Structure formats: structure tokens, C-alpha cells
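Residue-level structural notes
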Amino acid sequence: MIEEIEDDKLLQKFEQIADRLSDKGYAIVDNFLEPEEVHNLLEVLQHHQEQGTFKKAGIGTADQFTVDKQVRGDFIRWIEPSEALPPTQIFLDRMNEVMRYINRTCFLGLKDFEFHFTVYPPGTVYQRHLDQFQTNDHRRLSFICYLNEDWKPENGGNLRLYLPNEDGTEEEVDILPIAGRLACFRADLIPHEVLAANRHRYSLTGWMLDQLNELTFL
Ligand SMILES: O=C(O)CCC(=O)C(=O)O
Ligand SMILES: [Fe+2]
């Protein structure tokens, strides 16, 4: 019985994601991850930090790899599904369900996804950009799950979306990176940026792809 209720709650969240994505091109869903799931994922993130496996994120694909702290100041650790620890595996299974649900309802032909753990040290940003690379346009949807317990508006670190209006103007939407919140949007259509925070800002960031992931980032 409890399991059915839980499944029902999850289904509602999947519906929210699909409805808002097709309606507005983006969706924000709170409590997408339970507090316990956030906590377990943070422990995994910390474990990877202790292993020293986070790397300075770059801009562009491997062959045009440049790092510019002014443009992008985060550190990332890609998830290798075959080596995922249990909390990460639960997360990947959830994203797989999301992908299947979106394919049934939005017909985007999603085939795979890729995710990394992300850390923005205090004061770092990711300037305005689109997530589809010129040389790799297989990213259809961007997903970010925030892992920041007790995050307050004064901590900053908003994700800012620039939503295009039909008359050529833009509307800004600011999203606070609070624990358990999911933000997702059309990777090809919605420019966005990460504003500076005064605390470390933790998340899982990823993309749903229209082809099988060949680990183009390696
Ligand atoms: O962390 C966020 O809110 C957005 C991250 C982002 O835009 C990216 O990694 O491409
Ligand atoms: Fe982005």
C-alpha cells in the first residue's frame, strides 16, 4: 500500500516534468529526491572528493577543450554507470524511468543519458550559455538535481533561465538550488547561467540524448 502511494507520488512528478516541458520548455519539480536520497548522494559526492576524482570542468567537447574560470568555475565528476555506488544507481534508475515516461508522452526519441556530480566553490559561476554544443547536438534535455541542505535565498547560487518570448524579448526565471529540487529544460532552446553563491553548491547535472552515449566527454 505504502509502495503504491509512493509510486503514485513519483508518477505525479513525472507528469509534472512532461507537462511543463511540452508546455513551457522547462520544468521545476520540488522534492524530486527525498531528503534521505539527497543525504546519501551527498555522501557519495564527498567520497568522490576524498578520492580526488573531481576535475575542473571545461567548455566545449574534448577536441576543443578549454578551461576558463571566468566563464565556468565548477568541478565535475562523470558517473560511470557500471561503477555507480548504490545511491547513484538508485538515482540513475529514477532518471531512466523519467526518460521512458517522457518518451511515452513527449515523443522526443530519447535514447540515453549522461550525468556528473558537480561542485561550484563559493564565488564561482557558469556564464550564460546553451547546453547543446555546436559539434555535438545530441543533448535534447538538461537536468539538474540540487543537493544543498538548508540552502537560503541569501546563499545565492540561482540558476537563471532566459525564456524566449515570441516577440524576441526574454523573460528571466531564477531558481534557488535547494535540496531535492529538479530543474530541467530544453537544451537547444533555453540559455541559462549559474550565479555565484557564498557556499559550496552541490548538484547532479546531466543530459538526455537522442543517441546512445559514446562517452564523447572522455
Ligand atoms: O547547476 C546549474 O544550475 C546549471 C548547470 C549548467 O548550466 C551546466 O552544467 O551546463
Ligand atoms: Fe548549462
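The structure contained in this document is the topic of the report that follows. (Residues numbered from 1 in each chain as written. Chains lettered and ligands numbered in written order. Predicted model: local features only at pLDDT ≥ 70, side-chain atom pairs only at ≥ 80, totals over all residues.)

1. A look at helix α3 (residues 86-106)
The condition is simple: Here a helix means four or more residues in a row that DSSP labels H or I, a strand means two or more in a row labelled E, and each is numbered from the N terminus. Helix span is expected to be 1.5 Å times the residue number reduced by one. Each residue is classified by how many other C-beta atoms fall within 10 Å of its C-beta atom, where C-beta atoms are placed from the backbone; a count of 20 or more means buried, 12 or fewer means exposed, and values in between mean partly exposed. Here, the arc refers to the directions that run from the helix axis to the C-beta atoms.
When the terminal C-alpha atoms of α3 are compared, their 30 Å separation across 21 residues agrees well with the 30 Å that a helix rising 1.5 Å per residue should span. Along α3, the residues classified as buried are Pro87, Thr88, Phe91, Val98 and Ile102. The buried side chains of α3 occupy one side of the element, clustering within an arc of 95 degrees when seen end-on. For α3, the exposed residues lying more than 90 degrees away from the buried face are Pro86, Asp93, Arg100 and Arg104.

2. Considerations on the environment of arginine 77
Note the threshold: What counts as a contact here is a pair of residues whose C-beta atoms, placed from the backbone, lie within 7 Å.
Looking at where arginine 77 falls in the secondary structure, it is placed in strand β3 (residues 75-78). When the C-alpha atoms of arginine 77 and leucine 21 are compared, they prove to be 27 Å apart, with 56 residues separating the residues in sequence. Setting aside anything within four residues of it in sequence, one finds arginine 77 in contact with His48, Thr53, Phe54, His116 and Phe117.

3. A closer look at the sheet that holds strand β10 (residues 192-194)
Formally: Strand pairing follows a simple DSSP-based rule, namely that at least 2 bridges must link the two strands. Here an angle of 0 to 180 degrees is reported between the N-to-C directions of two axes, which are lines fitted to C-alpha atoms, with helices fitted over the stretch in contact.
Strand order in the open sheet formed by four strands is β5-β10-β7-β8, with antiparallel pairing between adjacent strands. Strands at the two margins of the open sheet, each flanked by one partner only, are β5 (126-129) and β8 (170-175). Adjacent strand axes in the sheet meet at a mean angle of 10 degrees when their direction is disregarded. With six bridges joining them, strand β7 (residues 159-164) and β8 adopt antiparallel strand pairing. Bridge pairing in β8 places leucine 161 opposite valine 173.

4. A word on the nonpolar core
We apply this condition: The nonpolar core criterion groups buried Ala, Val, Leu, Ile, Met, Phe, Trp, Tyr and Cys residues into a set whenever they are joined through C-beta atoms within 7 Å.
Grouped together as the largest cluster of nonpolar side chains are 45 residues, with contacts concentrated most on Leu41, Phe143, Cys145, Leu147, Leu182, Cys184 and Leu204. The set of elements that each furnish at least two residues to this core consists of β1 (26-29), α2 (35-51), α3, β4 (112-120), β6 (139-146), β7, β9 (182-186) and β11 (201-209).

5. Side note on the pairing of β7
Two successive antiparallel strands, β7 and β8, enclose a turn made up of five residues, where glycine 168 displays a positive phi of approximately 90 degrees. Alignment of β7 against β10, held across three bridges, turns out to be antiparallel. Its bridge partner being in β10, leucine 161 is matched across the sheet by histidine 192.

6. Looking at the site of ligand 1
So the rule is basically this: Nearness here is judged by the C-beta atom: place it from the backbone, and if it falls within 6 Å of a molecule or strand, the residue counts as near that partner. When residues are sorted by character, Ala, Val, Leu, Ile, Met, Phe, Trp, Tyr, Cys and Pro go into the nonpolar class, Asp, Glu, Lys and Arg into the charged class, and all the rest, Gly among them, into the polar class.
Around ligand 1, the neighbouring residues are Tyr126, Asp131, Ile144, Leu159, His192, Val194, Ser203 and Thr205. Going through the elements one at a time, β10 and β11 are the ones with two or more residues in the shell around ligand 1. Per-class residue counts for the shell around ligand 1 are four nonpolar, three polar and one charged.

7. A word on the sheet that holds β11
Taken together, seven strands build an open sheet; the order of strands is β1-β9-β6-β11-β4-β3-β2 and the sheet is antiparallel. The outermost strands of the open sheet, each flanked by one partner alone, are β1 and β2 (55-56). Bridge count for β2 against β3 is two bridges, and the pairing is antiparallel. In the strand pairing of β3, lysine 55 is matched with isoleucine 76. Against the sheet, α2 makes contact with β3, β4 and β11, and its axis sits at roughly 95 degrees relative to β11, the strand it touches most.

8. Digging into unusual backbone geometry
Even without being glycine, asparagine 31 reaches a positive phi, approximately 55 degrees. Mapped onto the fold, asparagine 31 is located in the loop between β1 and α2. The class of asparagine 31 is partly exposed, set by 15 C-beta atoms lying within 10 Å.

9. Topic: the pairing of β9
The buried fraction of β9 is high, at four of five residues. Here β1 pairs with β9 via four bridges, running antiparallel. Counted as the bridge partner of valine 29 is leucine 182 from β9. Strand direction decides the pairing type here: β6 and β9, joined by five bridges, are antiparallel. Residue isoleucine 144 lies in a different strand from β9, and its bridge partner there is alanine 183.

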